[in-house]
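# Descriptive structure summary
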Amino acid sequence: MKRNCLLLGLAVPFAMSLLAGCDMAGQLKDSIVHGEPIAQEIEREIGKKPQVFSFSVGTDSFSQVMVQFSEPPLAPLPEIEAVVRAAVVHEYKAEPSMLMISFIYDKANAKK
């Protein structure tokens, strides 16, 4: 399940980049370079490490960030949003035009 979500997380930016005529290899490299420090900062604050993907649409150098948790953190949603936004702004030195935070609820791995 986590692998499928990772593939989906990479497929969406790839498809959008193709439509926008962007440099996918450069964007993927930038996403990896910036994503790991963002994920580590979020993990320090919240206790769960997410997957982080960033990409640009059109001529923007940085426009969209997707943060995906493999399971929901225990922190309240407003706190999660504040921590994620602060980590993204700290790493990129700018506010993204779109910030998407998602949680995976995997029925097969649900705790009983």
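As a convention, each chain's residues are numbered from 1 in the sequence order in which they are written. Under the rules for a predicted model, residues below a pLDDT of 70 receive no local features and side-chain atom pairs below 80 are neither given nor counted, while totals for whole chains, interfaces and linings still include all residues. Side-chain metrics in this entry use all non-hydrogen atoms of the structure; hydrogen atoms and water are not considered.

Let us now look at the environment of E71. Note on placement: E71 falls in the loop between β2 (64–69) and α3 (77–92). Three labels apply to residues, based on accessible area from a 1.4 Å probe with only protein chains included: buried if under 20% of the type maximum, exposed if over 50%, partly exposed otherwise in between. Relative accessible area serves as the criterion here: at 33%, E71 is assigned to the partly exposed category. Each C-alpha atom of the pair E71 and P50 lies 8.8 Å from the other, and the pair is 21 residues apart in sequence. For this analysis, residues touch if any pair of their heavy atoms sits within 4.5 Å. If we skip the residues at most four places from it in the chain, E71 touches K48 and I104. Two N or O atoms form a polar contact when they lie within 3.5 Å of each other; inside protein one atom must be a possible hydrogen donor and the other a possible acceptor, and for residues adjacent in sequence the pair counts only when both atoms belong to side chains. At 2.5 Å, the side chain of E71 and the side chain of K48 are in polar contact. A run of DSSP states H or I qualifies as a helix once it reaches four residues; a run of E qualifies as a strand once it reaches two. Both are numbered from the N-terminal end.

Okay, the sheet that holds strand β1 (residues 51–55) next. The three strands are arranged β1-β2-β3 in an open sheet whose pairing can be described as mixed. Whereas interior strands pair on both sides, the edge strands pair on one side only; in this sheet they are β1 and β3 (98–103). For this sheet the average axis-to-axis angle between neighbouring strands, irrespective of direction, equals 15°. One ladder, built from five bridges, connects β1 with β2; its direction is antiparallel. What sits directly across from F53, in β2, is M66. A fitted line through C-alpha atoms represents every axis, and for helices the fit uses only the stretch in contact; the resulting angles, taken between N-to-C directions, go from 0 to 180 degrees. Along the sheet, α3 contacts β1, β2 and β3; its crossing angle with β3, the most-contacted strand, is approximately 130°. Two strands are said to pair when DSSP picks up at least two bridges between them.

On to α3. The span one expects for a helix is its residue count, reduced by one, times 1.5 Å. Taking 1.5 Å as the rise per residue, α3 with 16 residues should run 22 Å; its terminal C-alpha atoms sit 22 Å apart, in good agreement. Those residues of α3 that fall on the buried side of the exposure criterion are I80, V83, V84, A87, V88 and Y92. Angular distribution of buried residues about the axis of α3 spans 145°; they occupy a single face of the element. Remark: K93 follows α3 within two positions and exhibits a positive phi of approximately 60°. The directions from the helix axis to the C-beta atoms are what the arc is built from.

Our focus in this paragraph is the packing of aromatic side chains. Working definition: rings of Phe, Tyr and Trp (its six-membered ring) pair if their centres are within 6.5 Å, and the pair is stacked with planes under 30 degrees apart, edge-to-face with planes over 60 apart, and tilted otherwise. Counted under the stated rule, the structure contains one aromatic pair. On the numbers, 5.6 Å between centres and 20° between planes, the contact of F69 with F103 is stacked. Of this pair, F69 sits in strand β2 while F103 is found in strand β3, placing the two residues 34 residues apart along the sequence. Residue F69 is classed as buried on the basis of its relative accessible area, which comes to 0%. Overall, the relative accessible area of 24% leaves F103 in the partly exposed class.

Attention shifts here to the confidence of the model for the protein. Looking at the protein as a whole, the pLDDT averages 79, with 64% of positions reaching at least 70. The score called pLDDT rates the predictor's confidence residue by residue, from a low of 0 to a high of 100. Per-element averaging of pLDDT across the protein places helix α1 (residues 2–20) at the bottom with 56 and α3 at the top with 95.

Here we come to the pattern of salt bridges. Two side chains of opposite charge can pair, provided their charged atoms sit close to one another. Criterion for a salt bridge: a side-chain nitrogen of Lys or Arg within 4 Å of a carboxyl oxygen of Asp or Glu. By the definition in use, this model includes four salt bridges. When the shortest N-O distance is used, the salt bridge between K48 and E71 registers 2.5 Å. Pair noted here: K48 is in the loop between α2 (24–46) and β1 and E71 is in the loop between β2 and α3, with a separation of 23 residues, a long-range link. Across the pair R85 and E95 runs a salt bridge, and its minimum N-O distance is 2.0 Å. A residue pair is termed long-range when its members are at least 10 positions apart, and R85 in helix α3 and E95 in the loop between α3 and β3 qualify at 10 residues. The network of salt bridges with shared partners includes E81, R85 and E95.

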